[in-house]
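These are the residues of each chain, in order.
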Amino acid sequence: MKYILSPRNTSIKSIISLPTKPLMASSVALTQIQDQNPLRDLGDEQQQEVDSSSITDVVSQSRNLSGESLIERAWAHWTKLGKPKLIVAPMVDNSELPFRMLCRKYGAQAAYTPMLHSRIFTETEKYRREEFTTCEEDRPLFVQFCANDPDILLEAAKRVEPYCDYVDINLGCPQRIARRGNYGAFLMDNLPLVKSLVEKLASNLNVPVSCKIRVFPKLEDTIKYAKMLEEAGCSLLAVHGRTRDEKDQKKVRADWKAIKAVKSCIRVPVLANGNIRHMDDVHDCLRETGVDGVLSADSLLENPALFAGYRTPEWASVSEEANLDQADLLVEYLKLCETYPVPWRMIRAHVHKMLGEWFRIQPHVREDFNAQSKLTFEYLYNMVDQLRELGVRIPLHQKNFPLSGVQANGSAM
Ligand SMILES: Cc1cc2nc3c(=O)[nH]c(=O)nc-3n(C[C@H](O)[C@H](O)[C@H](O)COP(=O)(O)O)c2cc1C
């Protein structure tokens, strides 16, 4: 394991990279990195009909790779990790190292990397260096790949397995780019391929394999799907309770009943994803579904302190103003970015998410920010000061039961 020091900081931080080919962003700040991530096309797409008969075939043909020992190993691993319940969901360009570290500071007990493209990851050193960075404190960690070729997926997974606790397969991306690339939720049309991806990793990696899925429109199809994944060797299943068609997270509620049904029909740990906007949702979801943990995505982007019990004013009905606001969190995030460099496009995205409401009050500050073709940390810190001088302050709120109910050791709430 190699340690690289960041000259931008007085404190010495270690960023982990591969022994021979570095996986981390250069310790020099990455300015003006071009928009190269091929996974960011967020357009809508027509839906294909799913042939549910193929699901039954796959289950019946499935070689029983799981059995008692796989279930036992899955639980032993999960227990060793402390049974994390509060987890940062995978987000392209958004769940990168500094953001994960910020969320961990505020209560997240595990985190996913953004989805990495397995083929590009195996082929391109620059992609590896810019898109996957981690550090010793960044654990437990799920590294997520999209893939449609078991050999390529394994090659990519082998590179990261020393630095993570799960290699995760993205089976839920519903975007047009996933349809074009034949991965993510579009593999729901080709379950034999999904099975071969899971089996390939399960039988060749030292770390367990996890999968993140969406639900089928019909519950029985989702159940068969989950069972097939478990039999193929999936050691942990994250279920996003929306179908491939239900792309608008804000408009469509996730189906916790379907998640509960999955939890009750398979034996490996199950995580729920969807509708987690504050800690009340966490408690409700754990209680209603019986899952082992929850993922949050969009709401964490606005409020990375969500898992520490903080909430945005939108959800503040019975709470008190806290001594923390989104600008404080942004400043903390920026400092982490100085320690753990990332492409500026990721920083831009987080500025918009964390300061969205502040910008609405002072739109000219947003316009000036958008007009910057090249950002610097100095500009960003000054921008926060300027907003404060203009009198903008939107405090977060905190309810009186921050973390007591959900312990990292998995004890009951
Ligand atoms: C900006 C953004 C990027 C995302 N990227 C990924 C990804 O890389 N892999 C993945 O499995 N899901 C991805 N998702 C989906 C989330 O992980 C999650 O399933 C979805 O947003 C529902 O959770 P939420 O209701 O808490 O937002 C992304 C979501 C957002 C908002």
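What counts and what doesn't
- Residues numbered from 1 in each chain as written.
- Predicted model: local features only at pLDDT ≥ 70, side-chain atom pairs only at ≥ 80, totals over all residues.
- Helix = DSSP H or I, 4+ residues; strand = E, 2+ residues; numbered from the N terminus.
- Buried ≥ 20, exposed ≤ 12 C-beta atoms within 10 Å, placed from the backbone.
- Contact = placed C-beta atoms within 7 Å.
- Near = placed C-beta within 6 Å.
- Nonpolar A, V, L, I, M, F, W, Y, C, P; charged D, E, K, R; others polar.
- Pairing = 2+ DSSP bridges.
- Axes fitted to C-alpha atoms, helices over the stretch in contact; angles between N-to-C directions.
- Parallel < 35°, antiparallel > 145°, perpendicular 65-115°, else oblique.
- Core = buried A, V, L, I, M, F, W, Y, C linked by C-beta atoms within 7 Å.
- Expected span 1.5 Å × (residues − 1).
- Arc of directions from axis to C-beta.
- Right-handed = clockwise from strand over helix to strand, strands pointing away.

Enquirer: Tell me about the overall build of the chain, residues and numbers included.
Expert: For the chain, the count of helices and strands is 16 helices and 14 strands. The burial tally for the chain puts 49% of its 413 residues in the buried class. For the chain, the proportion of contacts with a sequence separation of at least 24, taken over those separated by at least 6, is 74%.

Enquirer: Which residues make up unusual backbone geometry, and what are the values?
Expert: Residue P140 is reached from R139 by a cis peptide bond, and omega for that bond is -10°. Here P140 shows up in the loop between α5 (125-131) and β6 (141-146). Phi is positive for N182, close to 55°, though the residue is something other than glycine. Assessed through the 15 C-beta atoms surrounding it within 10 Å, N182 is described here as partly exposed.

Enquirer: So what's going on with the site of the ligand? Residues and values would help.
Expert: Contacts to the ligand come from 22 residues, most closely from A89, M91, M115, A297 and D298. Grouping the constituent residues of the shell around the ligand by class yields nine nonpolar, 11 polar and two charged.

Enquirer: A description of the sheet that holds strand β12 (residues 310-311) should follow, citing residues and the corresponding values.
Expert: Within a sheet, adjacent strands bond to each other through the backbone by hydrogen bonds, running parallel or antiparallel. Strand order in this open sheet of three strands is β12-β14-β13, and the pairing throughout is antiparallel. What marks the edges here is a single partner per strand, and that holds for β12 and β13 (320-325). Pairing of β12 with strand β14 (residues 395-398) involves two bridges; the strand directions are antiparallel. Paired with Y310 across the bridge in β14 is Q398.

Enquirer: Hey, could you go over the packing of helix α13 (residues 326-339) against helix α16 (residues 377-389) for me, with residue numbers and the actual values?
Expert: The contact between α13 and α16 brings their axes to 11 Å, and the two run at 170°. In this view, α13 runs roughly antiparallel relative to α16, as classed from their interaxial angle. Between α13 and α16, the residues in contact are A327, L330, V331, L334 and E338 and F377, L380, Y381, V384, L387 and R388, respectively. Of the residues in the contact of α13 with α16, the class split is nine nonpolar, no polar and two charged.

Enquirer: Break down the packing of helix α14 (residues 344-361) against helix α15 (residues 363-371) for me, with residues and values.
Expert: For the pair α14 and α15, the least separation of the axes is 7 Å and the interaxial angle reads 145°. Contacts between α14 and α15 involve V351, F359 and R360 from the first element and P363, V365, R366 and F369 from the second.

Enquirer: Just give me the short version of the nonpolar core, but keep the residues and values in it.
Expert: Core analysis: the biggest nonpolar cluster contains 113 residues, and I87, F145, V167, V198, L237 and V294 have the highest contact counts within it. Tallying contributions element by element places α14 first for this core, with seven residues.

Enquirer: So what about the environment of K212? Which residues, and what values?
Expert: Inspection of the secondary structure assignment puts K212 in strand β8 (residues 209-214). The spacing of K212 and G184 is 28 residues in sequence and 9.0 Å in space, taken between C-alpha atoms. Discounting chain neighbours no more than four positions away, the residues touching K212 are P90, Q144, D168, N170, L171, G172, A238 and H240.

Enquirer: Give me the lowdown on α13, citing residues and values where you can.
Expert: Between its first and last C-alpha atoms α13 spans 20 Å; for 14 residues at 1.5 Å apiece the expected length is 20 Å, and the two agree. Inspection of α13 places Q326, L329, L330, Y333 and C337 among the buried residues, and these make up the whole buried set. Seen end-on, α13 carries its buried residues on one side only, within an arc spanning 100°. Considering only its buried residues, α13 is in contact with α3 (97-105), β13, α14, α16 and β14.

Enquirer: Tell me about the pairing of strand β9 (residues 234-240), residues and numbers included.
Expert: Counting buried positions along β9 yields seven of seven residues, so the element is predominantly enclosed. For the crossover that starts at β8, traverses helix α9 (residues 219-232) and ends in the parallel β9, the hand is right-handed. Of the pairings in the sheet, the one linking β9 to strand β10 (residues 270-273) comprises four bridges and is parallel in character. By the bridge assignment for β10, A238 is matched with L271. Crossover β9 to β10 through helix α10 (residues 256-265) is right-handed.

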